[in-house]
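Reading the structure
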Amino acid sequence: MGFVLDTHTHTIASAHAYSTVAEMAKAAGDRGLLLLAITDHGPALADSSDRLHFMNYHVLPKEMHGVRMLYGVELNILDFEGNVDLDEDILKRQDICIASFHTACTNAGTMEENTQAYLKAMENPYVNIIGHPEDGYIPVDFERLVKKAKEQKVLLEINNSSVKTAFYRLNTRENMKAMLELCRQYEVHVTLGTDAHYAGAVGVFDQAAEVLREVDFPLELVANTSIGTFTELLDRRKACP
């Protein structure tokens, strides 16, 4: 399908991942990607790095192996008010921020509570992407989620690992399809993230692409088709009041 960027990956800064930044960048170059986002877990997750890690990204090169590099964070949504685990002074240093609900940090609530958590997180001006919202163990009202994403110009993620290997998530394929149908209806952009935790998974979108094909999802609503498209969507988000 011609995807040229990966917006969700993890390095050994998240201790349950297995590759370095350099190894991830090389894998992205070998895969033919033009852009790679490094988005290690925020500090509320037990085996993640402290806030200093996310303050020191300026020491890393902006291009490696011919790949444009973005450095950011997969934030943890901490409560049903959408609060996250890094403060504004650090968030504003990030190239990209994903906000995700992890039950290791916050117990899932009712559908209303979980939906409220996501909606409030999207109001954070530094959040660019909602990560893996399709987990059936964290039920959400997808129509409200999609409408809010349109309003706030936030990307919704289609997470390759959720379909392929995430045995700890529930009904991911079915929920992705339901969300994608609403994204088509309301013309909301999605982004494909591998959620790669080792270099060999970088840029491998096989399962996510299959789901897109199954619902005949329009490629013009997929952010990963060009750096220009993706950058324009990030700029729209920054301009959102």
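In what follows, the accompanying structure is described. Not measured: the values here are computed from a predicted model. As a convention, each chain's residues are numbered from 1 in the sequence order in which they are written. Two thresholds apply to this predicted model, a pLDDT of at least 70 for residue-level local features and 80 or more for giving and counting side-chain atom pairs, whereas whole-chain, interface and lining totals are computed over all residues. Side-chain measures were taken over the full set of non-hydrogen atoms in the model, leaving aside hydrogen atoms and water.

The next thing to look at is the environment of R236. Here a helix means four or more residues in a row that DSSP labels H or I, a strand means two or more in a row labelled E, and each is numbered from the N terminus. The residue R236 is located in helix α9 (residues 227–239) in this model. A relative accessible area of 37% places R236 in the partly exposed class. For the pair R236 and Q152, spaced 84 residues apart in the sequence, the C-alpha separation amounts to 9.2 Å. Note on contacts: a residue pair is in contact if any heavy atoms of the two residues lie within 4.5 Å. For R236, the residues in contact, after removing those within four places along its chain, are K153 and H189. Burial classes: relative accessible area under 20% of the type maximum marks a residue as buried, over 50% as exposed, and values in between as partly exposed (1.4 Å probe, protein chains only).

So, about the nonpolar core. What is meant by a nonpolar core is a set of buried Ala, Val, Leu, Ile, Met, Phe, Trp, Tyr and Cys residues, joined one to another through side-chain atoms within 4.5 Å. Counting residues in each nonpolar core, the largest one holds 63 residues, and the members touching the most others are M69, L156 and F217. Counting residues per element, this core draws most heavily on helix α7 (residues 172–186), at 6 residues. Beyond its immediate stretch of four places on either side in the chain, F217 contacts L180, C183, R184, V188, V190, L212 and V222.

Our focus in this paragraph is the packing of aromatic side chains. Here the aromatic set is Phe, Tyr and Trp, taking the six-membered ring for Trp, and pairing holds for ring centres within 6.5 Å; pairs whose planes are under 30 degrees apart are stacked, those over 60 apart are edge-to-face, and all others are tilted. Applying the stated rule across the entire model yields 4 aromatic pairs. Note on F3 and F205: the rings are 5.7 Å apart at their centroids and 85° apart in plane angle, and the pair reads as edge-to-face. Of this pair, F3 sits in the segment before β1 (5–6) while F205 sits in the loop between β8 (190–193) and α8 (206–214), and the two are 202 residues apart along the sequence. Classification of F3 by relative accessible area gives buried; the value is 13%. On the basis of relative accessible area, F205 is assigned to the buried category, the value being 7%. Seen in terms of ring centroids, F54 and Y57 are 6.0 Å apart; in terms of plane orientation they differ by 80°. Their pairing is edge-to-face. For the pair shown, F54 and Y57 are each scored as buried. Connected via pairs of aromatic rings, a cluster forms that spans F54, Y57 and Y71.

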